[in-house]
Amino acid sequence: MKIMLHGATMGSNFGDYLFADIFYNEVLECNREGRNLFFECPRFGIGKFFKRELRYQNKQSFKDLLTADLLIYISGGYFGEQKNLFLRAYLDF
């Protein structure tokens, strides 16, 4: 099975890293025989910090993106409010 993980993994936020670590290790445990990938895209994909700290060395191809069996959305930064825009944070609440 090919599992793709996606979430707030482009920066170096410690809370987002903890979520990514938990999710990635659970997927590795459950899907030992398959491919376990993080979404890779310049702005929204896994960043250098996360790759290094998670010891992630896989490479995602465009075909992997189209043929993944499962997409797991990791909790974290994307669910936060935009602190610089009070009105937007209020409307999202």
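Description of the structure in this document. If you're wondering where the values come from, they're calculated on a predicted model, not measured in any experiment.

Conventions and cut-offs
- Residues numbered from 1 in each chain as written.
- Predicted model: local features only at pLDDT ≥ 70, side-chain atom pairs only at ≥ 80, totals over all residues.
- Heavy atoms only, no water.
- Core = buried A, V, L, I, M, F, W, Y, C linked by side-chain atoms within 4.5 Å.
- Buried < 20%, exposed > 50% of the residue type's maximum accessible area, 1.4 Å probe, protein only.
- Helix = DSSP H or I, 4+ residues; strand = E, 2+ residues; numbered from the N terminus.
- Contact = heavy atoms within 4.5 Å.
- Pairing = 2+ DSSP bridges.
- Right-handed = clockwise from strand over helix to strand, strands pointing away.
- Salt bridge = Lys/Arg side-chain N within 4 Å of Asp/Glu carboxyl O.

**Considering the nonpolar core**
Okay, so step 1: Ranked by internal contacts, the top residues of the largest apolar core, which has 16 residues, are Leu5, Tyr24, Phe38, Phe50, Leu54 and Tyr56.
Okay, so step 2: For this core, the elements supplying multiple residues, two or more each, are β1 (2-6), α1 (14-30), β2 (35-38) and α2 (48-54).
Okay, so step 3: The biggest single contributor to this core is α1, with four residues.
Okay, so step 4: Ignoring anything within four residues of it in the chain, the contact list for Leu5 reads Phe23, Tyr24, Val27, Leu37, Phe38, Phe39, Ile72 and Ile74.

**Let's talk about the pairing of β2**
On any regular strand, side chains alternate: one points to one face of the sheet, the next to the other face.
Okay, so step 1: As paired elements, β1 and β2 share four bridges and run parallel to each other. Bridge pairing links Met4 to Leu37 in β2.
Okay, so step 2: For the crossover that starts at β1, traverses α1 and ends in the parallel β2, the hand is right-handed.

**Quick look at the pattern of salt bridges**
Oppositely charged side chains can pair when the atoms bearing their charge come close.
Okay, so step 1: Applying the stated criterion across every chain yields a total of five salt bridges.
Okay, so step 2: In this structure, Asp64 engages Lys2 in a salt bridge whose closest nitrogen and oxygen atoms are separated by 3.1 Å. Here the residue Asp64 occupies a position in helix α3 (residues 62-67), and Lys2 occupies one in strand β1, the gap between them amounting to 62 residues. Considered together, Asp64 and Lys2 belong to a single accessibility category, that of buried residues.
Okay, so step 3: Linking Asp64 and Arg35 is a salt bridge whose minimum nitrogen-to-oxygen distance equals 2.8 Å. One end of the pair, Asp64, is in helix α3; the other, Arg35, is in strand β2, and 29 residues separate them in sequence.
Okay, so step 4: With a relative accessible area of 37%, Arg35 lands in the partly exposed category.
Okay, so step 5: The network of salt bridges with shared partners includes Lys2, Arg35 and Asp64.

**Some thoughts on the environment of Ala20**
Okay, so step 1: Of note, Ala20 is situated in helix α1.
Okay, so step 2: Residue class for Ala20 comes out buried when judged on its relative accessible area of 0%.
Okay, so step 3: Residues Ala20 and Tyr73, spaced 53 residues apart in sequence, show a C-alpha to C-alpha distance of 9.9 Å.
Okay, so step 4: Each residue touching Ala20, except ones within four places of it in the same chain, is listed here: Thr9, Phe38, Phe50, Leu54 and Ile74.

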